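The residues making up each chain are set out below.
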Amino acid sequence: MEFIGRKRELSRLEEYYSSEYPQTCAIYGRRRCGKTSLVQEFCKDKPHLSIDLQGTSAEGILRQIADSLAEFTGKPRDGFREEIREFSDLIEFLKTLEPEERLVVFLDELPDAVDKLDEVAPLLKKYIDDRLKRQNIFLIVCGSSISGMIREINGEDRPLFQRFPVQLRVRPLSYPESRLFHPEFDEADRIRAYAIASGIPQYHLLLKGPSLEEGIKRNFLGDIAPLRLESDSFLAREFPGWTVHERVIAAIANGASTLKVIAEKADMSKTNCSDILRRLELVDIVERRIPYGKSEKSTKFRIIDGFVSFQYEVINRNLALAQSNNVDEAYDLMREDISSFYGHRFEDVCMQYLADTRMCRWTGNWEGRVPVLDEDGSVEKDESGRVRTEDADIDLVAKVVDGEVRYVVAGECKFTRRRSGVNEYRELVRRASHAIKDSDNVCYIMFSRSGFTDELVEMAEDRPGLHLELVTLEDISAWAEGRLREASQQPYKDA
């Protein structure tokens, strides 16, 4: 199968490999994000020794080491299984290597070996310090436990501290890369698949097929559902005592967004909740946002990992249905929740489009209160004459630099069957007038799965002073394929 994405990561690894220094590299990232495939792609035209250190027991890991050495040398497995009794035996083997062409030695899932085998980190440290510097070897270590890798290679109290100055964090693929897994889908279903799989290659591969709906049924519904427990496995691998983390995630999935409310719904102290949120941020499950123009006191939290979000916001809310063997009826009953989930995650694709087509100094959203309007458009007031207000938000806000010009972009994202029109545009402008107080240089961008009304299209074309960009799925497709023309974004005022 064609290797998809990771051009920058491959280029960086080639740069390291081609130079005399560094001799070590640490690669880490969440489970299933393609770290091992990345290294395999990098190694395919180079001499290499790959050893998988993942395992549930010391004996199993040592057996895998022996088998890898047998494959590398072409010698019988039984002999190596007798020789490799401890991790020190692997180190002794590595010391004997004298390759003429630079050899890549790849140790996959290092944290597993550290947990299951004594002296792994001290022995590896001594090898790097005493022998590796005199060998023509490029040593790569890798791990799916982000917190475990950071602890082992960056902890000041750990033997491997400062032994891996070059570190590469592999994050989920972007939307333009991820959509390449689904040539059989139209653009709307590619966005839906990205909403669920969230740029994780393994999940995108499992969702492939004649239709996305069938992919969801096959992987999440019924008594055989390979992905239904996947987020639990991910959390359990990353966090000892992971169930407390699950409570925090569930609270956010059910609408809590501030530290105080999350802690209350998760039934824990704010201090403990804050610690857990930091851990979830470290592994890119949760992100904190300070809405545009607000102080740190207004910090909100959201689930940034689309796969985890789908599990908690859709599957867990409908668990009895998801476990039913009547998957077709179950899917129909869950359809509204699934559709709502797509609409929420569409913002992530739109934000990538916005950040990729402009030089953004800051991106985020806005939340606040705006006056309530009567049907005729006038401001509502209560019996005492005070203006009535309601909660409102702006999906996307960005501070943009264009040469000497600075301006703010306010954006709206709609993933509905109805075309967006003049009313939606006017509402966006109204909210922006309350949100953006530090600039009168404002542009607007609207994304719509179903396109726009003729009236709004004509308005945007005939009145450039509106500074309004309308983005359809065709535009998103063109951008993702690298065919998007540089749009001339004129600021509202000259600099």
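Residues numbered from 1 in each chain as written. Predicted model: local features only at pLDDT ≥ 70, side-chain atom pairs only at ≥ 80, totals over all residues. Heavy atoms only, no water.

### Some thoughts on the overall build of the protein chain
Within the protein chain, the secondary structure is distributed over 22 helices and twelve strands. Within the protein chain, the proportion of its 495 residues that are buried is 51%. Sequence separation of at least 24 residues holds for 68% of the intrachain contacts in the protein chain that already meet a minimum separation of 6. Accessible area for the protein chain stands at about 24,400 Å²; split by element, carbon and sulfur atoms hold 45% of it. Charged side chains of the protein chain number 72 positive and 89 negative; the gap between the two group centres comes to 3 Å. (Helix = DSSP H or I, 4+ residues; strand = E, 2+ residues; numbered from the N terminus. Buried < 20%, exposed > 50% of the residue type's maximum accessible area, 1.4 Å probe, protein only. Contact = heavy atoms within 4.5 Å. Areas by Shrake-Rupley, 256 points an atom, 1.4 Å probe, with all protein chains shown as cover. Lys, Arg positive; Asp, Glu negative; His and termini not counted. Charge placed at Lys NZ, Arg CZ, Asp CG, Glu CD.)

### Regarding the environment of Arg-288
Considering the arrangement of structural elements, one finds Arg-288 in strand β6 (residues 286-289). Along the chain, Arg-288 and Phe-301 lie 13 residues apart, while their C-alpha atoms are 4.5 Å from each other. Apart from the residues within four sequence positions on either side, Arg-288 is in contact with Arg-278, Glu-281, Thr-299, Lys-300 and Phe-301.

### Focus on the sheet that holds strand β11 (residues 442-448)
The strand order β8-β9-β10-β11-β12 describes an open sheet built from five strands, whose pairing is mixed. Strand pairing shows two members of the sheet lacking a second neighbour, β8 (359-371) and β12 (468-471), which therefore form its edges. Direction aside, neighbouring strands of the sheet carry axes that sit 25° apart on average. Examined bridge by bridge, strand β9 (residues 389-402) and strand β10 (residues 405-414) share seven bridges and lie antiparallel to one another. Its bridge partner lying in β10, Leu-396 is registered against Gly-411. Together, β8, β9, β10, β11 and β12 form the strand contacts of helix α19 (residues 327-357), whose direction differs from that of β9 by roughly 30°. The strands touched by helix α20 (residues 422-435) are β8, β9, β10, β11 and β12; relative to β11, the strand with the most contacts, the crossing angle is about 140°. (Pairing = 2+ DSSP bridges. Axes fitted to C-alpha atoms, helices over the stretch in contact; angles between N-to-C directions.)

### Some words on the layout of surface pockets
Estimated volume of the largest pocket: approximately 1,400 Å³. Looking at the lining of the largest pocket, the element that brings in the most residues is α19, giving seven residues. For the lining of the largest pocket, the residue count by class is 18 nonpolar, eight polar and 18 charged. (1 Å grid on protein atoms, 1.4 Å probe; cavity = no way out; pocket = protein on both sides within 12 Å on 5 of 7 lines; lining within 4 Å. Points joined across faces, edges and corners; volume = space filled by probe spheres on them. Nonpolar A, V, L, I, M, F, W, Y, C, P; charged D, E, K, R; others polar.)

### Considerations on a nonpolar patch on the surface
Together, Leu-373, Val-379 and Val-387 make up an exposed nonpolar region whose accessible area comes to about 200 Å². As for its placement among the helices and strands, Val-379 is situated in the loop between β8 and β9. Looking at Val-379, the relative accessible area reads 39%, which means it is partly exposed. (Patch = residues over 30% accessible without salt bridge, like charges linked within 9 Å, V, L, I, M, F, W, Y side chains within 5 Å. Salt bridge = Lys/Arg side-chain N within 4 Å of Asp/Glu carboxyl O.)

### Things to note about the side chain of Arg-102
Mapped onto the fold, Arg-102 is located in the loop between α5 (87-95) and β3 (103-108). There is no salt bridge for the buried Arg-102, and the closest opposite charge comes from Glu-20, which lies 8.2 Å off by N-O distance. Side-chain polar atoms of Arg-102 contact the backbone oxygen of Pro-22, separated by 3.2 Å. With sequence-adjacent residues up to four places away left out, Arg-102 is seen in contact with Tyr-16, Tyr-17, Ser-18, Ser-19, Glu-20, Pro-22, Gln-23, Pro-47, Asn-136, Ile-137 and Phe-138. (Polar contact = N/O pair within 3.5 Å; in protein donor to acceptor, adjacent residues only side chain to side chain.)

### Some points on the nonpolar core
Grouped together as the largest cluster of nonpolar side chains are 68 residues, with contacts concentrated most on Phe-220, Phe-447 and Ile-476. Top element by residues in this core is α19. It accounts for eleven residues. In this view, Phe-447 contacts Phe-346, Cys-350, Tyr-353, Leu-396, Glu-412, Cys-413, Lys-414, Phe-452, Val-471 and Ile-476; residues no more than four positions away in its chain are not counted. With 65 residues, the next largest nonpolar core counts Val-120, Leu-139, Val-283 and Val-286 among its residues. (Core = buried A, V, L, I, M, F, W, Y, C linked by side-chain atoms within 4.5 Å.)

### Some remarks on the pattern of salt bridges
A complete count under the given rule lists 49 salt bridges for this structure. Residue Glu-187 is joined to Arg-179 by a salt bridge in which the shortest nitrogen-to-oxygen separation is 2.7 Å. Neither residue differs from the other here; Glu-187 and Arg-179 are each classed as buried. One salt-bridge network, in which partners are shared between bridges, spans Glu-213, Glu-214, Lys-217, Asp-328, Asp-332 and Arg-335.

### Overview of helix α3 (residues 58-73)
Here α3 is 16 residues long and its end C-alpha atoms lie 23 Å apart, about the 22 Å a rise of 1.5 Å per residue gives. Turning to α3, its buried residues number three or more, namely Ala-58, Gly-60, Ile-61, Leu-62, Ile-65, Ala-66, Asp-67, Ser-68, Leu-69 and Ala-70. Where α3 is buried, its residues touch β2 (48-52), α4 (77-83), α5 and α6 (110-116). (Expected span 1.5 Å × (residues − 1).)

### Section: the packing of α3 against α5
Viewed as axis vectors pointing N to C, α3 and α5 meet at an angle of 20°, and their least axial separation amounts to 10 Å. Judged by the inter-axis angle, α3 sits roughly parallel to α5. The crossing of α3 and α5 is left-handed. Two secondary-structure elements touch here, α3 through Leu-62, Ile-65, Leu-69, Phe-72 and Thr-73 and α5 through Phe-87, Leu-90 and Phe-93. Classifying every residue of the contact of α3 with α5 gives seven nonpolar, one polar and no charged. (Parallel < 35°, antiparallel > 145°, perpendicular 65-115°, else oblique. Left-handed = near helix turned anticlockwise from the far one by under 90°.)

### Notes on the packing of helix α17 (residues 306-315) against α19
Direction vectors running N to C along α17 and α19 enclose 145°, while the axes themselves pass 10 Å from each other. Viewed along their axes, α17 and α19 form a crossing whose handedness is right-handed. Note on element contacts: α19 touches α17 through Met-334, Asp-337, Ile-338, Phe-341, His-344 and Arg-345, opposite Gly-306, Ser-309, Phe-310, Glu-313, Val-314 and Ile-315.

Purely geometric numbers; function is a separate question.
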